[in-house]
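Residue strings, one per chain:
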Amino acid sequence: MTEMNYMDLAIERADENLLLKEGGPFGAVVVRNEEIIAAAHNRVLIDRDPTAHAEIVAIRKACKVLGTHDLSGCRIYTNCYPCPMCLSAIIWANIKEVFYANSSEDASKIGFRDDSIYKFIAEPSKNEKIVKFQQQDHTRGLSTFAKFAADQGQEIY
């Protein structure tokens, strides 16, 4: 298969969801060594799960197939530039290559708010109407981190 075939499959998964209506018009494919490990579409509505984006679902499937949380050596193909949550999951999964068809601006034009979330991340203090953050019980919270660090042989606190 070629890279176009992988993108075609991601787009096909998104198109399939136009009929299934299990979530938004998004599809993703995880590939390693020219082998398709997982393909998925958005399942937000059917799963009643705001995190069930195509990339997240594909990453979860790929991790199960490969028996690991580390997808180093994998690539992901998605029909739209990943939202901030999906981008974070891609980074946490150690996927180093992302291929996408549509931009976040394209997603915005059809009612998805990825751009507003990216703007929020860039300047959170200007966006308290969306989410307000307040640090609390920092010293107490650090005790858990200190115990974890000690279990790892580190003394950072």
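The paragraphs below set out a description of the structure included in this document. (Residues numbered from 1 in each chain as written. Predicted model: local features only at pLDDT ≥ 70, side-chain atom pairs only at ≥ 80, totals over all residues. Heavy atoms only, no water.)

Structural notes on unusual backbone geometry
Here's step 1: One non-glycine residue with positive phi stands out, namely Glu34, at about 65°.
Here's step 2: Examined against the element boundaries, Glu34 turns out to sit in the loop between β1 (27–32) and β2 (35–41).
Here's step 3: Using a relative accessible area of 48% as the deciding quantity, one classes Glu34 as partly exposed.
Here's step 4: For Asn94, which is not glycine, the phi torsion reads 65° and is therefore positive.
Here's step 5: Considering the arrangement of structural elements, one finds Asn94 in the loop between α4 (84–92) and β4 (97–102). (Helix = DSSP H or I, 4+ residues; strand = E, 2+ residues; numbered from the N terminus. Buried < 20%, exposed > 50% of the residue type's maximum accessible area, 1.4 Å probe, protein only.)

Observations concerning the pattern of salt bridges
Here's step 1: The final tally for this structure, using the stated rule, is four salt bridges.
Here's step 2: Between Glu22 and Arg43 there is a salt bridge, and its shortest N-O distance comes to 3.1 Å. Taken together, the positions of Glu22 in the loop between α1 (3–20) and β1 and Arg43 in the loop between β2 and α2 (44–47) put the pair 21 residues apart, joining distant regions of the chain.
Here's step 3: On the basis of relative accessibility, which here comes to 26%, the residue Arg43 falls in the partly exposed class. (Salt bridge = Lys/Arg side-chain N within 4 Å of Asp/Glu carboxyl O.)

Some remarks on the pairing of strand β3 (residues 74–80)
Here's step 1: Along β3, seven of the seven residues are buried, which leaves the element largely enclosed by surrounding structure.
Here's step 2: In this sheet, β3 lies alongside β1 in antiparallel orientation, the contact comprising five bridges. Among the inter-strand pairings, Val31 is bridged to a residue of β3, identified as Arg75.
Here's step 3: Sheet analysis places β3 next to β4, joined by five bridges and oriented parallel. In the sheet register, Cys80 faces β4, and the bridge partner there is Asn102. (Pairing = 2+ DSSP bridges.)

A look at the nonpolar core
Here's step 1: With 25 residues, the main nonpolar core has Val30, Ile59, Ala62, Leu71, Ile76 and Ile95 as its most contacted residues.
Here's step 2: Elements with a contribution of two residues or more to this core: β1, β2, α3 (54–66), β3 and α4.
Here's step 3: Among the elements that take part in this core, α3 stands out by supplying seven residues, more than any other.
Here's step 4: Sequence-distant contacts of Ile95, that is, excluding residues within four places in its chain, are made with Ile59, Leu71, Cys74, Arg75, Ile76 and Ile90. (Core = buried A, V, L, I, M, F, W, Y, C linked by side-chain atoms within 4.5 Å. Contact = heavy atoms within 4.5 Å.)

Overview of a nonpolar patch on the surface
Here's step 1: A cluster of nonpolar side chains, contributed by Tyr81, Val98 and Tyr100, occupies part of the molecular surface with about 240 Å² of accessible area.
Here's step 2: Inspection of the secondary structure assignment puts Val98 in strand β4.
Here's step 3: Look at Val98 and you get partly exposed, because its relative accessible area is 31%. (Patch = residues over 30% accessible without salt bridge, like charges linked within 9 Å, V, L, I, M, F, W, Y side chains within 5 Å. Areas by Shrake-Rupley, 256 points an atom, 1.4 Å probe, with all protein chains shown as cover.)

Some points on the packing of α3 against α4
Here's step 1: It is the contact of α3 with α4, at a shortest axis distance of 9 Å, that shows an interaxial angle of 25°. The angle between α3 and α4 places the two elements in the roughly parallel class. Like other packed secondary-structure pairs, α3 and α4 cross with a definite hand, here left-handed. Contact with α3, carried on its side by Glu55, Ile56 and Ile59, involves Met85, Cys86, Ala89 and Ile90 of α4 and no other residues of that element.
Here's step 2: Split by residue class, the contact of α3 with α4 holds six nonpolar, no polar and one charged. (Axes fitted to C-alpha atoms, helices over the stretch in contact; angles between N-to-C directions. Parallel < 35°, antiparallel > 145°, perpendicular 65-115°, else oblique. Left-handed = near helix turned anticlockwise from the far one by under 90°. Nonpolar A, V, L, I, M, F, W, Y, C, P; charged D, E, K, R; others polar.)

A look at the pairing of β1
Here's step 1: Most of β1 is tucked away: five of the six residues are buried.
Here's step 2: For β1 and β2, the ladder comprises six bridges, and the chain directions are antiparallel. When the bridges of β2 are listed, Ala28 appears paired with Ala40.
Here's step 3: With antiparallel pairing between neighbouring strands as the criterion, β1 and β2 make up a hairpin whose turn holds two residues, including Asn33 at a positive phi of roughly 50°.

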